[in-house]
Amino acid sequence: QVQLVESGGGLVQPGGSLRLSCAASGITFSLYAMAWYRQAPGKQREFVASISSGGITNYADSVKGRFTISRDNAKNTVYLQTNSLKPEDTSVYYCNANYHPLNYWGQGTQVTVSS
């Protein structure tokens, strides 16, 4: 059974940081491209960042220079370091694993940026 379990979300003040984690099980993690998406209330889910099986990263323009995605294949875990957080970063953050045609989602972790 495939599971993607996100953690690390919470309430943070503007300018603060959070490190999100996504622990995967039931897949050969090193083969999968991993990504983070987010969805704010009333909005569509949007791409945040991705990292290929070979370690190539890609970011949405809105988070470039503030967020960093990384992976630890030994721990079957992908991370999203979020810095200089803004109120508009408030969303549920979802982990995604893709190895075409296989595609899996986690249940999400809430990030709220507010003073």
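Basis of the calculations
Here, residues in each chain are numbered from 1, in the same order as that chain's written sequence. Residue-level local features of this predicted model are given only where pLDDT is at least 70; pairs of side-chain atoms are given and counted only at 80 or more, and the full residue set underlies all totals for whole chains, interfaces and linings. Side-chain figures throughout are based on the complete set of non-hydrogen atoms in the structure, without hydrogens or water. Partly exposed describes any residue whose relative accessible area lies between the buried limit of under 20% and the exposed limit of over 50%, with all areas from a 1.4 Å probe on protein chains only and scaled to the type maximum. Numbering goes from the N terminus for both helices and strands, where a helix is a DSSP run of H or I of at least four residues and a strand is a run of E of at least two. DSSP calls a pair of strands paired once it identifies at least 2 bridges connecting them. Any two cysteine sulfur atoms lying within 2.5 Å of each other are counted as a disulfide. Between two residues, a contact is recorded if the distance between any of their heavy atoms is within 4.5 Å. The criterion is simple. A nonpolar core is a set of buried Ala, Val, Leu, Ile, Met, Phe, Trp, Tyr and Cys residues joined through side-chain atoms within 4.5 Å.

A. Inspection of the pairing of strand 9 (residues 91-99) at higher detail. In terms of burial, strand 9 is a largely internal element, 7 of the 9 residues being buried. In this sheet, strand 9 lies alongside strand 4 (residues 33-39) in antiparallel orientation, the contact comprising 7 bridges. Residue pairing for strand 9: Tyr37 is matched across the bridge by Tyr94. Sheet analysis places strand 9 next to strand 11 (residues 109-113), joined by 3 bridges and oriented antiparallel. The partner of Tyr93 across the bridge, within strand 11, is Thr109. Of the strand pairs in this sheet, strand 9 and strand 10 (residues 102-105) are connected by 4 bridges, and their pairing is antiparallel. Its bridge partner being in strand 10, Asn96 is matched across the sheet by Trp105. Following strand 9, the chain reverses through 2 residues before pairing antiparallel with strand 10.

B. Spatial organisation of the state of the cysteines. Enumeration over the complete set of coordinates arrives at 1 disulfide. With its sulfur 2.1 Å from that of its partner, Cys22 forms a disulfide with Cys95. Judged by the sign of its S-S torsion, about -80°, the bond between Cys22 and Cys95 is left-handed. Here Cys95 lies in strand 9 and Cys22 lies in strand 3 (residues 18-25), a separation of 73 residues in the sequence. Just as Cys22 is buried, Cys95 falls in that class too.

C. Quick peek at the environment of Ser21. One can find Ser21 in strand 3. Ser21 gets classed as buried once you look at its relative accessible area, which sits at 18%. Distance in space between the C-alpha atoms of Ser21 and Cys95 is 8.6 Å, their sequence separation being 74 residues. Among all residues touching Ser21, those that are not within four sequence positions of it are Val5, Glu6, Ser7, Trp36, Thr77, Val78 and Tyr79.

D. Representation of the nonpolar core. Of all hydrophobic cores here, the largest spans 27 residues; its most connected members are Met34, Trp36, Val48, Ile69, Val78, Leu80 and Tyr93. Looking at this core, the elements that each hand over two or more residues are strand 3, strand 4, strand 5 (46-51), strand 7 (67-72), strand 8 (77-82), strand 9 and strand 11. Among the elements that take part in this core, strand 3 stands out by supplying 4 residues, more than any other. In this structure Tyr93 touches Glu6, Leu20, Trp36, Tyr37, Arg38, Val48, Phe67, Leu80, Gly108, Thr109 and Val111, once residues within four positions along its chain are discounted.

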